[in-house]
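Structural description and commentary
One-letter residues, chain by chain:
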Amino acid sequence: MELTFTKRARDELAAHGVETLSVMGLVIVWQILAMVIDDPLKLPSFLQVAEALLRQWPTILRVDLPVSLIHFALGMGAGLLVALPIGMSMGWSRVADRVFDPIVELIRPIPPLAWIPFAIIWFGLTPQAAGFIVFVGAVFPILINSYVGFRSVPRVYVESAMVLGCTRSLDLIRYVAFPSALPSIAAGIRIAMGIAWMCIVAAEMFGASTRSGLGYRLWDYYSLHMMDLVFLYMIVLGLLGLLIDRTFRYVVQEKLLRWQEGLRQS
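Keep in mind it's a predicted model, so treat the numbers as computed, not measured.

When their charged atoms lie close together, side chains carrying opposite charge are able to pair. Counted according to the given criterion, the structure contains 6 salt bridges. Residues D64 and R217 are paired through a salt bridge, measuring 2.7 Å at the closest nitrogen-oxygen approach. Here R217 lies in helix α8 (residues 214–223) and D64 lies in helix α2 (residues 46–92), a separation of 153 residues in the sequence. Here the two residues D64 and R217 agree in accessibility, since each one is buried. If you follow the salt bridges from partner to partner, you end up with R190, D245 and R249 in one network.

A few words on the nonpolar core. Of all hydrophobic cores here, the largest spans 61 residues; its most connected members are M76 and L214. For this core, the secondary-structure elements that each account for two or more residues are α1 (2–37), α2, α4 (116–123), α5 (127–151), α6 (155–163), α7 (169–205), α8 and α9 (227–256). Here the element with the most residues in this core is α7; it accounts for 16 residues. Those residues in contact with M76 that sit more than four places away from it in its chain are V134, A138, I142, I189, A192, M193 and A196.

The full count for this structure, using the stated rule, is 12 aromatic pairs. Centroid distance W92 to F150: 6.4 Å. Interplanar angle 85°. Geometry classified as edge-to-face. Within this pair, whereas W92 is found in helix α2, its partner F150 is found in helix α5, the two being separated by 58 residues in sequence. Counting every residue linked through ring pairs, the aromatic cluster contains W115, F118, W122, F123, F132 and F135.

This part is about the packing of α2 against helix α3 (residues 94–107). At a closest axis distance of 6 Å, the pairing of α2 and α3 adopts a crossing angle of 125°. One element, α2, and the other, α3, form an angle in the oblique class. The crossing of α2 and α3 is left-handed. Each of I86, S89, M90 and W92 in α2 lies in contact with α3, whose residues at this interface are R94, A96, D97, F100, D101 and V104. The class makeup of the residues in the contact of α2 with α3 is 6 nonpolar, 1 polar and 3 charged.

Turning next to the environment of A138. Summarising the element assignment, A138 is placed in helix α5. When the C-alpha atoms of A138 and I195 are compared, they prove to be 6.3 Å apart, with 57 residues separating the residues in sequence. Residues within four places of A138 in sequence aside, it is in contact with M76, A192 and A196.

Structurally, Q56 can be placed in helix α2. The contacts of Q56, once residues within four sequence positions are left out, are Y221, L229, L232 and Y233.

Rules and cut-offs
Residues numbered from 1 in each chain as written. Predicted model: local features only at pLDDT ≥ 70, side-chain atom pairs only at ≥ 80, totals over all residues. Heavy atoms only, no water. Salt bridge = Lys/Arg side-chain N within 4 Å of Asp/Glu carboxyl O. Helix = DSSP H or I, 4+ residues; strand = E, 2+ residues; numbered from the N terminus. Buried < 20%, exposed > 50% of the residue type's maximum accessible area, 1.4 Å probe, protein only. Core = buried A, V, L, I, M, F, W, Y, C linked by side-chain atoms within 4.5 Å. Contact = heavy atoms within 4.5 Å. Phe/Tyr/Trp six-rings, centres within 6.5 Å; stacked < 30°, edge-to-face > 60°. Axes fitted to C-alpha atoms, helices over the stretch in contact; angles between N-to-C directions. Parallel < 35°, antiparallel > 145°, perpendicular 65-115°, else oblique. Left-handed = near helix turned anticlockwise from the far one by under 90°. Nonpolar A, V, L, I, M, F, W, Y, C, P; charged D, E, K, R; others polar.

Pasting the structure below:
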């Protein structure tokens with residue numbers, strides 16, 4: 001057991017080393033390309049972006065980041081509250097599937113950005129308007145994956161639980177269907193978070209927000225041709241998206257889906 005743990009720790013350390021070298025290689029290539037192009041308007045160098053970070057980090061941390069995280073939390077929270085019960089009911093009940101499926105398939109193809117005019121009219125230039133755009137982008141991946149997860153629950157699980165005395169529908173959902181569908185639901189939430197992060201940028205860039213936020217600043221600095229700051233905010237958006245994704249993966253895989261490790265090893 002100890003040897004297995006040591007080998008796993010060594011493999012993880014080696015993987016982190018490869019990732020670090022990969023990022024360093026990208027930075028070196030970026031700096032060389034910027035020096036060859038020699039036009040900060042087309043491609044600011046890594047050093048210029050680093051200098052911009054030293055000037056701008058108080059504004060990012062105190063003003064823009066909290067605003068964007070509020071938009072993200074509003075949209076994702078509303079998406080979970082709406083998508084989970086609808087998706088679960090559609091996957092569990094054929095009647096609910098017939099009721100909701102036409103509505104979902106009618107609204108789902110509409111791009112989230114198409115809702116920006118109505119978001120501004122309904123909510124004004126408020127966090128709720130940007131949160132609504134995030135909600136539209138996040139709700140359907142969660143809903144569809146919840147539906148697929150519940151629809152794919154093996155029938156033998158349900159029948160075995162009923163033989164053992166679990167006969168109420170709510171108990172079957174709680175103890176059988178939901179744990180079985182959790183990997184699919186988690187995958188939907190992960191996809192939704194990526195889409196939601198992109199929707200934040202679009203909503204703030206196109207005005208469905210107060211005059212702050214990471215997306216708003218990105219577009220504002222572009223209008224001023226301050227491309228080092230534009231690139232800086234792009235990198236911040238990417239790093240935050242990576243941090244959110246890695247945190248979610250750690251919580252889900254290490255806490256909720258730890259039992260799948262045995263399945264992968266076998």
